[in-house]
Amino acid sequence: MRIAVDAMGSDNAPYAEIEGCIEALKSFDDINLVVTGPKDILEKEFSKYSYDKSKVEFIDATERISTNEHPVMAVRKKKDSSLVKALNLVKEGDCDAVLSAGSTGAFLAGSTFIVGRIKGVERPALAPLMPGKNGPFMVIDAGANVDSKPSYLVQFAKMGKVYFNSVMEKENPKIGLVNIGVEEEKGNELTKQTYQLLKEESNLNFIGNIEPRDVTLGEVDVIVCDGFVGNTILKMYEGAAKTILSMIKEEIMSSALSKFGAVFLSKSFSNLKKKMDYKEYGGAPFLGVNGICIKAHGSSDGKAFKNAIGQARKFHNNKLIDKIKVEIENL
């Protein structure tokens, strides 16, 4: 499998991307990487590591797309950017997947216009995995489509089901619609109409509405919503997790007695931190694109990039694109 890596997207580019590439090459012996960015810098930084040079190729890219640029205009104008060059590798069939931690908007625009949508898919969706009390869950859409139609959300549910079934290896995953109440008649016009459409889909395990306070339990596998709601859930959850962990740390450090007690709970704290760490999941796929496009967090470190590469690999090995095509055709 060949994976294109945009080395200039993250907050700590290209060092985090390079570290992730090296770790991935150690962990997965069936991958080859095509890294895009300033070739002289990439060759210099990679030379600091020991790795199989036959498994890495560098593509020179002189431009970089920043997060404060207009996404569509940046993709159209910056043809020599590391992101656009990485996307073109997938479009041309030279690579099986593309990974970037750059501008979400530019990556989405490029994935849609360069790689293209799966036939029948109205809108691609960003679908990150989140840690829940009883297991991970997916939020779809988490920001790709701020304004959505009921038909979009039904397709999101279908694509989320395929991903969770194939990649997470869970049969008949539970699908829930984010709403302000569990009752069928609750919500705005979007959720009311979507609810009725999801009820009619006999091959979906639709359990009905789910309130935001129950999302984090992880008892519902695929959480369906429009991009505005999904992005709000995502950022609220990330902020709450950081705040809670910070408050726990402050309390531990507040007295000698609490510090002493923390020694006996260190393993529990470590396990909790690991469960809440987005780096364990690596990145979020754009589902509905006719190619494997994985968006990593802008603050990703080497570990996160390595796991994102592993996610792309699993996506590819499970032939997820083909399965989503079948699901959309049957809609």
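See the structure above.
Residues numbered from 1 in each chain as written. Predicted model: local features only at pLDDT ≥ 70, side-chain atom pairs only at ≥ 80, totals over all residues. Heavy atoms only, no water.

**Student:** Quick rundown of the overall build of the protein? Include the residues and the values.
**Tutor:** Across its full length, the protein holds 12 helices and 12 strands. For the protein, the C-alpha radius of gyration of 20 Å lies close to 20 Å, the compact-globule estimate for 331 residues. Principal axes of the C-alpha set define a box for the protein whose edges measure 60 × 60 × 35 Å. Expressed as a percentage of contacts within the protein between residues at least 6 apart in sequence, the contacts between residues at least 24 apart total 70%. (Helix = DSSP H or I, 4+ residues; strand = E, 2+ residues; numbered from the N terminus. Rg over C-alpha atoms; globule rule 2.2 N^0.38 Å. Contact = heavy atoms within 4.5 Å.)

**Student:** Before we move on, can you summarise the sheet that holds strand β9 (residues 205-210) with the specific residues and values?
**Tutor:** Judged by pairing direction, the sheet is mixed, and its 5 strands sit side by side in the order β6-β7-β10-β8-β9 without closing on themselves. In this open sheet, the two strands that pair with only one neighbour each are β6 (129-130) and β9. (Pairing = 2+ DSSP bridges.)

**Student:** Which residues make up helix α4 (residues 82-91), and what values do they have?
**Tutor:** Of all 10 residues in α4, 7 are buried, a share of seventy percent or more. Residues of α4 that are buried: S82, L83, V84, A86, L87, L89 and V90. Two residues or fewer past α4, G93 is found with a positive phi of approximately 80 degrees. (Buried < 20%, exposed > 50% of the residue type's maximum accessible area, 1.4 Å probe, protein only.)

**Student:** Report on unusual backbone geometry, specifying residues and quantitative values.
**Tutor:** Cis geometry marks the peptide bond from A13 to P14; its omega dihedral reads -5 degrees. Positionally, P14 belongs in the loop between β1 (2-6) and α1 (15-27). Between I140 and D141 the backbone carries a cis peptide bond, its omega angle lying at 20 degrees. Secondary-structure assignment places D141 in the loop between β7 (137-140) and α6 (150-166). Positive phi, normally seen in glycine, also occurs at E169, with a value near 55 degrees. Relative to the assigned elements, E169 resides in the loop between α6 and β8 (174-178).

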